[in-house]
Amino acid sequence: MLRILMAVLALLLSLQLTAQKKELNYFLPQVTYQADIPSPEAYLGYQIGEWHVGHDQLVGYMRELARLSDRVQIEEYARSHERRPLVLLTISSPANLQNIEQIREQHVALSDPASSAQLNTSDMPLVVYEGFGVHGNEASASNAAMLVAYYLAAGQGREIEDLLRQTVVLFDPCFNPDGFNRFASWVNTHKGKHPVADNASRELNEAWPGGRTNHYWFDLNRDWLLVQHPESQGRVRNFHRWKPNILTDHHEMGSNSTFFFQPGIPSRTNPITPARNQELTQEIATFHAKALDQLGSLYYSKESFDDFYYGKGSTYPDANGCIGILFEQASARGHLHESVHGDLSFPFAVRNQVTTALSTLEAGKNLRQDLLNFQREFYQSAQREARQDGVKGYVFHEAHDAARQDHLLELLLQHQIEVYELDKKVTISGQTFPARVGYFVPTEQPQYRLVKAMFSTMTSFTDSLFYDVSAWTLPFAFNIPYEAVNSRNAAGIKGKRVESIAGTALPFIDQSDYAYLFEWDDYYAPRALYQIQKAGLIAKVSHQTFTLSEYGTRQFRRGTILVPVQNQSKPAAEVSKIVTQILQDNSLETIAVQGGLTPGGIDLGSPSFSRIKTPKLLLVVGSGVSSYDAGEAWHLLDHRLDIPVTLVEMDDLGRVDMDKYTAVIMVNGGYSNLRAVDDLKDWVRNGGTLVAMRGAINWASNNQLANVKMKRKGKNNSNGRRPYAKVGADRGAQVIGGAIFEAQLDLSHPLTYGYLRDRLPVFRRGTMFLEPTLNPYGTPVQYTANPLLSGYISKENARQIANSAGVTVSQFGGGKVICMVDNPNFRGFWYGTNRLFLNAVFFGNLIDSRTTERPAPKKK
């Protein structure tokens, strides 16, 4: 009897543990498979959906498929920030793989209007890029990738053989290894023996920052155009090496949703995208609908998502002769999740992803020649449109910061944009762009449409709602002067084509026993300054201008950095060696001076030079804080400028020795749960610098740390009655999801040191509008009267932003509170405003107290 009872208990336990397990034919068509190629279950020891696969397991399985199948080749194309490999599988028939380079070259030739007309597409293979898991916590995507790869590598039968004979599948199983692994660890750690669907379960509620983002908490699905991260840079290289016809981007959405596939909202398609792109997207959609109908899965299209911003995985292809397809599956968030449709299981989510990955391939096979011909016509029509376009190109030049200009050039080259040196000087609208060091981007090139998307501005729209940003004009992002060129100005200006970034040639460096100077206007000057300070040397900053006769009475601007050779902790010869090496390493001009007396302005021993404290920075993170904004600040400091920053959870601030930090950074977020208010106030009162951005300004104001005044909205003159169906559109129209505005700078203020022009393009998200300070010196950055440069803003918000404050400085005791209405580090590519943030952490404590806004009197 006891044995029988034990056997029954063992059986019940087995049933519980395998409650989520599904057979292979639940996910895949019922075909036979090559016997010596293991299924995902055979490789893992459990079926997909029972547990979340780790990234190492995913990559290991892909390598195993490539080892065993003659249909699969594999390459590592990048490493993530955490050094995880990103791999790309090329899957096709064995005959195609034996001739794969010739197939690739012939296919890419379709995008060259000069030769594509001669190509015969009747028997040319289609190229489909299937991509999974750009958001790490949308895990059904990359888990599905294992099943799809197995089907393509090992499935038998004429249907699969015909598919692979006509198709080259570029298979990218995980766009975001770091986020994916972070999420898998979370949900597997919190999975119990019994699946729990309760949405209050810890398994279904990730700890901050969650697994969506990469190591530095960036949304990689916004980085296709911006290419600031190694994952994106490798992915875009793959894209242009092959020029696929279809690219799929598998995602998840809220658990109470169903399944979405494109087209998106028709009125929000980017006007640069040809109509034929959307027609083909709709034709492909019919294959998804048929496949999901067979499963009984609910789905929708033409709602919720749009095709406007070209920086996403489903829209970047649209500007490159390809059809981008977004899939959004309701998320199980873990292994089982309650929803309005009933309990949603992880295997169910995986199955929908598998099904639409395969329906895409079926659509591609059936529409193969249409898609190939569209790609050819895309580039041919772009050439025709470019010839008819009155804008013949764009010229740009940054005279004082080669590094920022080089980063813009680097970005353009990654997208196969043709860039040329100017062969002669060009003057347009009063701006002169010099030969050899100025650049020209012609519109008449294969990437015409992408060039227009990168350089043109738009302020008029057919729809006032946007899923993402409404503007991203790249020269504005880099704060580089540029102008459109007409046919008269374009004549004879195209010089040598830029193939790579040469870097800055530095002049011979004189030695000095007195002091070294370097200007603050170069992008990497903050990195050099920190390295000099880290080496134990004293550095000072100038608050006034001066000239040096030994440099042809050259004028040096406010913000110039002085490193004395004498009175340091190291011998003079060692000081010279350290300084000159650091400045050379950062491609900065080294100015050796032999004495302190100047012919004009302040002398080098003037009290108008202030010693700069070595930054010791604390970044507040944790629940309530925007992980995006925090990650962007962290990435700028830690990764790009090699300045370490301490990440401290909001709840732990009260246990931290604040005295060792020079600046505390609070990015956008809600800080109502911050308990260490008195500790922070004491720290600022004793001389600390608090940098508060966006939502953190509300916290600083509510706690009397910052004296700011919100602009009041004007009266609404409508009768208050609107159609019920308009509520979403009306509210959405008042959102500033991302647009570009012009701000005016006070160039004498420490927060603007390094800027040479008093107008600055600023990226704005959100509807916080501040009045300028009552102290006339306390608003170093202020929006102009008509600030919109590009993007959407409602009339009401346009009135609010006019002449509003962009940056204010308040005094609290002996410290400063610097309020930044906008995020100066947006998505890692808004190089032009990074300096405002860096000046705050380097020079914030040096701001003259007479110029700051004093605390508002306490209300009685």
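The coordinates are above.
Position numbers for residues count from 1 along each chain, tracking the sequence in the order it is written. In view of the model being predicted, local features appear only for residues whose pLDDT reaches at least 70, and side-chain atom pairs are presented and counted only at 80 or more, with totals across whole chains, interfaces and linings using the full set of residues. As a rule here, side-chain values cover all heavy atoms of the structure and leave hydrogens and water aside.

## Some remarks on helix α4 (residues 55-68)
Relative to the 20 Å expected for 14 residues at 1.5 Å per residue, α4 spans 20 Å between its end C-alpha atoms, a close match to the ideal helical length. When accessible area is computed with a 1.4 Å probe and restricted to protein chains, residues below 20% of their type maximum are described as buried, those above 50% as exposed, and intermediate ones as partly exposed. What counts as a helix is a DSSP run of H or I of at least four residues, what counts as a strand is a run of E of at least two, and both are numbered from the N terminus. Within α4, the full set of buried residues consists of H55, L58, V59, G60, Y61, M62, E64, L65 and A66. Those residues of α4 hidden inside the fold are in contact with α3 (40-44), β1 (72-79), β2 (85-91), α7 (140-154), β4 (167-172) and α9 (177-189). Here a helix's expected span is defined as the number of its residues, less one, multiplied by 1.5 Å. Contact definition: two residues touch when any of their heavy atoms are within 4.5 Å.

## Structural notes on the packing of aromatic side chains
In this scheme Phe, Tyr and Trp rings, the latter by its six-membered ring, pair at centre separations within 6.5 Å, and the angle between planes marks the pair as stacked below 30 degrees, edge-to-face above 60, and tilted otherwise. Tallying each qualifying case throughout the model produces 43 aromatic pairs. Plain terms: the ring middles of F239 and Y316 are 5.5 Å apart, the flat faces sit at 65 degrees to each other, and that makes the pair edge-to-face. Taken as a pair, F239 in helix α10 (residues 230-242) and Y316 in the loop between α11 (275-295) and β7 (323-330) lie far apart in primary sequence, 77 residues in all. Grouping aromatic residues by their ring pairs yields a cluster made of F308, Y309, Y310, F461, W472 and Y792. The positively charged end of R449 is found above the aromatic ring belonging to F378, 4.4 Å away from the centroid. Only lysine NZ and arginine CZ atoms are considered, and such an atom sits over a ring when it is within 6 Å of the ring centre and within 35 degrees of the ring normal. When the ring centre of Y420 is taken as reference, the NZ or CZ atom of K494 above it lies at 4.7 Å.

## Section: the pattern of salt bridges
Salt bridge, as applied in this entry: a Lys or Arg side-chain nitrogen positioned within 4 Å of an Asp or Glu carboxyl oxygen. Scanning all chains against the criterion turns up 38 salt bridges. Among the charged side chains, a salt-bridge network with shared partners connects E398, D401, R404, R757 and R835.

## Describing α11
Taking 1.5 Å per residue as the helical rise, α11 with its 21 residues ought to reach 30 Å, and the 31 Å between its terminal C-alpha atoms agrees with that figure. Following α11 by one or two positions, G296 has its phi on the positive side, about 80 degrees.

## What to know about the sheet that holds strand β20 (residues 554-556)
Here we have three strands laid out as an open sheet, ordered β20-β19-β23, and antiparallel in their pairing. The two strands at the open ends of the sheet, each matched to only one other strand, are β20 and β23 (600-601). Strand pairing is assigned whenever DSSP identifies at least 2 bridges connecting the two strands. Pairing of strand β19 (residues 546-548) with β23 involves two bridges; the strand directions are antiparallel. Each bridged residue has a counterpart across the sheet, and for T547 the counterpart in β23 is G600.

## Regarding the pairing of strand β10 (residues 393-396)
On β10, burial covers both faces: G393 and V395 on one face and Y394 and F396 on the other are all buried. Relative to strand β14 (residues 439-442), β10 is paired through four bridges, and the arrangement is antiparallel. Looking at the pairing, V395 lines up with F440 of β14. Alignment of β10 against strand β15 (residues 482-485), held across four bridges, turns out to be antiparallel.

## Looking at the sheet that holds β15
Taken in spatial order, the five strands line up as β15-β10-β14-β11-β16 in an open sheet, and their pairing is antiparallel. Since the sheet does not close on itself, it has two edges, and those belong to β15 and β16 (494-497), each with one partner. Between one strand axis and the next, the sheet turns through 35 degrees on average, direction left out of account. Both strand β11 (residues 420-422) and β16 contribute to a ladder of two bridges, which runs antiparallel. Residue L422 lies in a different strand from β16, and its bridge partner there is K494. The angle between two axes is taken between their N-to-C directions and runs from 0 to 180 degrees, where each axis is a line fitted to C-alpha atoms and a helix contributes only its stretch in contact. Relative to the sheet, helix α14 (residues 402-414) contacts β10 and β14, its axis offset from that of β10 by approximately 155 degrees. Contacts from helix α15 (residues 448-455) reach β10, β14 and β15 within the one sheet, and its direction differs from that of β10 by about 50 degrees.

## So, the side chain of N176
Secondary-structure assignment places N176 in the loop between β4 and α9. Residue classification places N176 among the buried residues on the basis of a relative accessible area of 0%. For this analysis, a polar contact is any N or O atom pair within 3.5 Å, provided that within protein one partner can donate a hydrogen and the other can accept it, and provided that sequence-adjacent residues contribute only side-chain to side-chain pairs. Among the polar contacts listed, one links the side chain of N176 to the backbone oxygen of V134, at a separation of 3.2 Å. Those residues within four positions of N176 in sequence are excluded, and the remaining contacts are G133, V134, H135, G136, G211, R212, T213, N214 and L220.

## So, the side chain of N703
Here N703 shows up in the loop between α22 (695-702) and α23 (727-732). Here N703 falls in the buried class, since its relative accessible area comes to 17%. When near neighbours in sequence (up to four residues on either side) are disregarded, N703 contacts V677 and K681.

## Observations concerning the environment of N199
One can find N199 in the loop between α9 and α10. With relative accessibility at 39%, the residue N199 sits in the partly exposed group. Sequence-wise, N199 and A332 are 133 residues apart; in three dimensions their C-alpha atoms are separated by 9.8 Å. Ignoring any residue separated from it by four or fewer positions in sequence, one finds N199 in contact with L204, N205, H337 and E338.

## Looking at the pairing of strand β3 (residues 126-132)
Among the seven residues in β3, seven count as buried, and that is most of the element. The alternating pattern of β3 places L126, V128, E130 and F132 and V127, Y129 and G131 on opposite faces, both of which are buried. In terms of strand pairing, β3 meets β4 through six bridges, oriented parallel. Across the sheet, the residue bridging to V128 is V169, located in β4. Direction of pairing for β3 relative to strand β5 (residues 246-253): parallel, over a ladder of five bridges. If you follow G131 over to β5, its bridge partner there is D249.

## A short note on unusual backbone geometry
The omega torsion across W208 and P209 is 5 degrees, close enough to zero to call that bond cis. Within the secondary structure, P209 sits in the loop between α9 and α10. Here the bond from Q262 into P263 is cis, since omega is 20 degrees, no more than 30 degrees from zero. Relative to the assigned elements, P263 resides in the loop between β6 (259-261) and α11. At N479, a residue that is not glycine, the phi angle is positive and equals roughly 55 degrees. Within the secondary structure, N479 sits in the loop between α16 (474-477) and β15. Among the residues examined, N479 registers a relative accessible area of 7% and is labelled buried.

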